[in-house]
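Results of the structural survey
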Amino acid sequence: MNDDQLLRYSRHILLPEIGVEGQEAILGARALIVGAGGLGSPAAMYLAAAGVGTLVLADDDTVDLTNLQRQILHSAEGVGRLKVESGRDTLHRLNPLARVETRALRLQGEALEAEVAAADVVLDCSDNFATRHAINRACARHARPLISGAAIRFDGQISVFDLRQREAPCYHCLFPEGEDVEEVRCAVMGVFAPLTGIVGATQAAEALKLLSGCGTTLDGRLLLLDSLGMNWRSVSFGRDPACPVCAERARAQT
Ligand SMILES: [Zn+2]
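Being a predicted model, the structure only gives us computed values, none of them experimental.

Describing the coordination of the zinc ion
- With distances of 2.3 Å, the protein atoms coordinating the zinc ion are Cys170 (SG), Cys173 (SG), Cys243 (SG) and Cys246 (SG).
- Around the zinc ion sit four donor atoms, and with donor-metal-donor angles ranging over 98 to 118° the site reads as tetrahedral.
- Counting residues between consecutive donors of the zinc ion along the chain gives the motif C-x2-C-x69-C-x2-C. One end of the pair, Cys170, is in the loop between β6 (155–162) and α8 (171–174); the other, Cys243, is in the loop between β8 (231–236) and α11 (244–253), and 73 residues separate them in sequence.
- The class of Cys170 is buried, set by a relative accessible area of 0%.

The structure is reproduced here in structure tokens:
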């Protein structure tokens with residue numbers, strides 16, 4: 001680290017749990033953030049400010065006036081622009097040292113596989129089950145830690161799937177695909193603005209802990225927030241023996 005970096009990141013370096021070594025791991029890391037909306041905004045901003053070396057921001061959408069109530073990566077002059085470009089400009093203003101790569105597309109197939117394989121940590125900040133399951137499968141295949149967040153109305157949830165660990169449960173273990181879960185989206189249901197900030201910032205916290213190796217993550221726990229009553233609770237969960245994604249992982253590992 002040079003003098004500028006030592007000053008910029010001094011409040012992390014002062015934490016014995018992170019220190020110079022942890023900060024250097026953060027500086028050398030590459031994080032994939034899928035979705036530059038309500039969750040991706042605070043997640044990307046904290047990761048950029050905290051010095052994550054390379055941020056890959058993926059989103060195919062453009063900024064809409066209705067986004068500005070919560071998607072703090074974007075501002076009024078960004079309406080109509082690609083979210084990844086508006087987001088990259090905001091992140092550069094926050095921290096010119098952070099490298100930001102943009103992917104103005106809905107990551108899927110080989111592009112998703114390649115980005116997940118290249119990342120040290122993956123943040124799922126998307127808003128639909130198809131994308132969540134595709135990201136989970138790619139993270140399982142490439143043994144990458146996945147930090148998942150969701151926010152709708154006043155309800156938020158966060159979990160970590162540390163798929164570097166052989167026995168760690170995956171997203172599919174917790175939310176099996178194809179079960180008739182009703183897809184509720186912010187576009188129709190509404191979402192409390194700071195809820196997305198709380199969930200996205202928590203995802204950033206878990207990512208920084210994973211990268212620097214400090215603390216205990218939410219691996220194997222689902223953290224649930226009811227922001228209307230401001231009640232938090234956490235539920236432990238394990239691997240589903242019938243999970244097809246984990247079955248494929250197990251086969252690949254043997
Ligand atoms: Zn599984």
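From this point, the discussion proceeds with the structure in view.
Some words on the packing of aromatic side chains
- Per the counting criterion, the structure on display carries four aromatic pairs.
- Between Tyr171 and Phe175 the ring centres are 5.2 Å apart and the planes differ by 50°, which places this aromatic pair in the tilted class.
- Aromatic rings pair up to connect Phe161, Tyr171, Phe175 and Phe237 into one cluster.

Comments concerning helix α4 (residues 40–49)
- Within α4, eight of the 10 residues are buried, leaving the element largely enclosed by the surrounding structure.
- Burial in α4 covers these residues: Gly40, Ser41, Pro42, Ala43, Ala44, Met45, Leu47 and Ala48.
- Of the surrounding elements, those touching the buried residues of α4 are β1 (30–34), β2 (54–58), α5 (83–94), β4 (121–124) and α10 (193–212).
- At the C-terminal side of α4, Gly51 shows a positive phi close to 100°.

Focus on the pattern of salt bridges
- The final tally for this structure, using the stated rule, is 16 salt bridges.
- Residue Glu167 pairs with Arg239 through a salt bridge whose shortest N-O separation is 3.5 Å. Of this pair, Glu167 sits in the loop between β6 and α8 while Arg239 is found in the loop between β8 and α11, placing the two residues 72 residues apart along the sequence.
- Classification of Glu167 by relative accessible area gives exposed; the value is 62%.
- Overall, the relative accessible area of 27% leaves Arg239 in the partly exposed class.

Conventions used here
- Residues numbered from 1 in each chain as written.
- Predicted model: local features only at pLDDT ≥ 70, side-chain atom pairs only at ≥ 80, totals over all residues.
- Heavy atoms only, no water.
- Donors = N, O, S within 2.8 Å, 3.2 Å for Na, K, Ca; no water.
- Tetrahedral: all angles 85-135°; square planar, octahedral: opposite > 155°, others 65-115°.
- Helix = DSSP H or I, 4+ residues; strand = E, 2+ residues; numbered from the N terminus.
- Buried < 20%, exposed > 50% of the residue type's maximum accessible area, 1.4 Å probe, protein only.
- Phe/Tyr/Trp six-rings, centres within 6.5 Å; stacked < 30°, edge-to-face > 60°.
- Contact = heavy atoms within 4.5 Å.
- Salt bridge = Lys/Arg side-chain N within 4 Å of Asp/Glu carboxyl O.

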